[in-house]
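Notes for the structure review
In case you want the letters, here they are:
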Amino acid sequence: MSKRALISKLEESQLKKDVTPFRVGDTVRVHIRIIEGQKERTQIFTGTVISRNGGGVAETFTVHRIAYGEGMQRVFPLNSPRISKIEVIKEGDVRRAKLYYLIGTSGKASKVKGKVGRSKRVVAPTKAIEENTEATASAPATEA
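Per an unreviewed UniProt entry, the protein chain goes by the name Large ribosomal subunit protein bL19 and belongs to Parachlamydia acanthamoebae.

**Some thoughts on helix α1 (residues 3–14)**
For α1, which comprises 12 residues, the first-to-last C-alpha distance of 17 Å matches the rise-based estimate of 16 Å (1.5 Å per residue) to within 8%. Taking burial as the measure, the 12 residues of α1 include 0 buried ones, a minor fraction of the element.

**A closer look at the side chain of T48**
On the secondary structure map, T48 appears in strand β2 (residues 39–53). With relative accessibility at 14%, the residue T48 sits in the buried group. Setting aside residues no more than four positions away along its own chain, T48 makes contact with G25, D26, T27, T62, V63, H64, L102 and V112.

**Structural notes on the sheet that holds β2**
As summarised here, the arrangement of the 5 strands in space is β4-β3-β2-β1-β5, forming an open sheet in which the pairing is antiparallel. Bordering the open sheet on either side are β4 (70–77) and β5 (83–90), each of which pairs with just one other strand. Pairs of neighbouring strands in the sheet enclose a mean axial angle of 40°, with direction left out of account. As paired elements, strand β1 (residues 27–36) and β5 share 6 bridges and run antiparallel to each other. Counterpart to I32 in the pairing with β5 is I83.

**A look at the packing of aromatic side chains**
Tallied over the entire structure, the rule returns 3 aromatic pairs. Seen in terms of ring centroids, F22 and F61 are 5.0 Å apart; in terms of plane orientation they differ by 65°. Their pairing is edge-to-face. Taken together, the residues F22 in the loop between α1 and β1 and F61 in strand β3 (residues 60–67) connect sequence positions 39 residues apart. Taking 5.8 Å as the distance between ring centres and 65° as the angle between the ring planes, the aromatic pair formed by F45 and F76 counts as edge-to-face. With a gap of 31 residues between them, F45 in strand β2 and F76 in strand β4 connect regions that are remote in the sequence. Ring pairing ties together the aromatic residues F22, F45, F61 and F76, which thus form one cluster.

**Some remarks on the nonpolar core**
Residues F22, V28, V30, F61, V63, F76 and I86 are the most contacted members of the largest nonpolar core, which totals 18 residues. Looking at this core, the elements with two or more residues in it are β1, β2, β3 and β5. In terms of residue count, the dominant contributor to this core is β1 (4 residues). Discounting residues that sit within four places of it in the chain, F76 has contacts with V30, I32, F45, E59, T60, F61, V63 and I83.

**As for the confidence of the model for the protein chain**
When the pLDDT values of the protein chain are averaged, the result is 84; 81% of them are 70 or greater. Under a pLDDT of 50 for its full length, residues 122–126 has, in the predicted model, 2 contacts with residues more than four places off or in other chains.

Rules of the game
- Residues numbered from 1 in each chain as written.
- Predicted model: local features only at pLDDT ≥ 70, side-chain atom pairs only at ≥ 80, totals over all residues.
- Heavy atoms only, no water.
- Helix = DSSP H or I, 4+ residues; strand = E, 2+ residues; numbered from the N terminus.
- Expected span 1.5 Å × (residues − 1).
- Buried < 20%, exposed > 50% of the residue type's maximum accessible area, 1.4 Å probe, protein only.
- Contact = heavy atoms within 4.5 Å.
- Pairing = 2+ DSSP bridges.
- Axes fitted to C-alpha atoms, helices over the stretch in contact; angles between N-to-C directions.
- Phe/Tyr/Trp six-rings, centres within 6.5 Å; stacked < 30°, edge-to-face > 60°.
- Core = buried A, V, L, I, M, F, W, Y, C linked by side-chain atoms within 4.5 Å.
- pLDDT = per-residue confidence, 0-100.

Dropping the structure here:
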């Protein structure tokens, strides 16, 4: 086995399996585990995703928020064990891959348009739905 194959196999084993799908422009709530001494607590960072970079184990995303009149960005590694979960609060409707123009704005200028009248993204159909469709397809049709 080559070095490249070994590295890709190792990286594949370290990828998170339960990553919530989100895009640039979405408003997310990132739950971060913080260790202070022997205590561990969860801190929530809420903001707009302004960029996603990289791929595989090294993939990161940047979240921008305005708190107490000051704008701040924070870069999170997507596959970090410190991130316990990512919640999508609101889906954004944007046309760009990077939203760096939001930095330095405030008020209405810093808002991202939301998707109106669209349902949430479906990741994959559940087994119950698949079994139900198979059962109806195999059942004989009876007419009354």
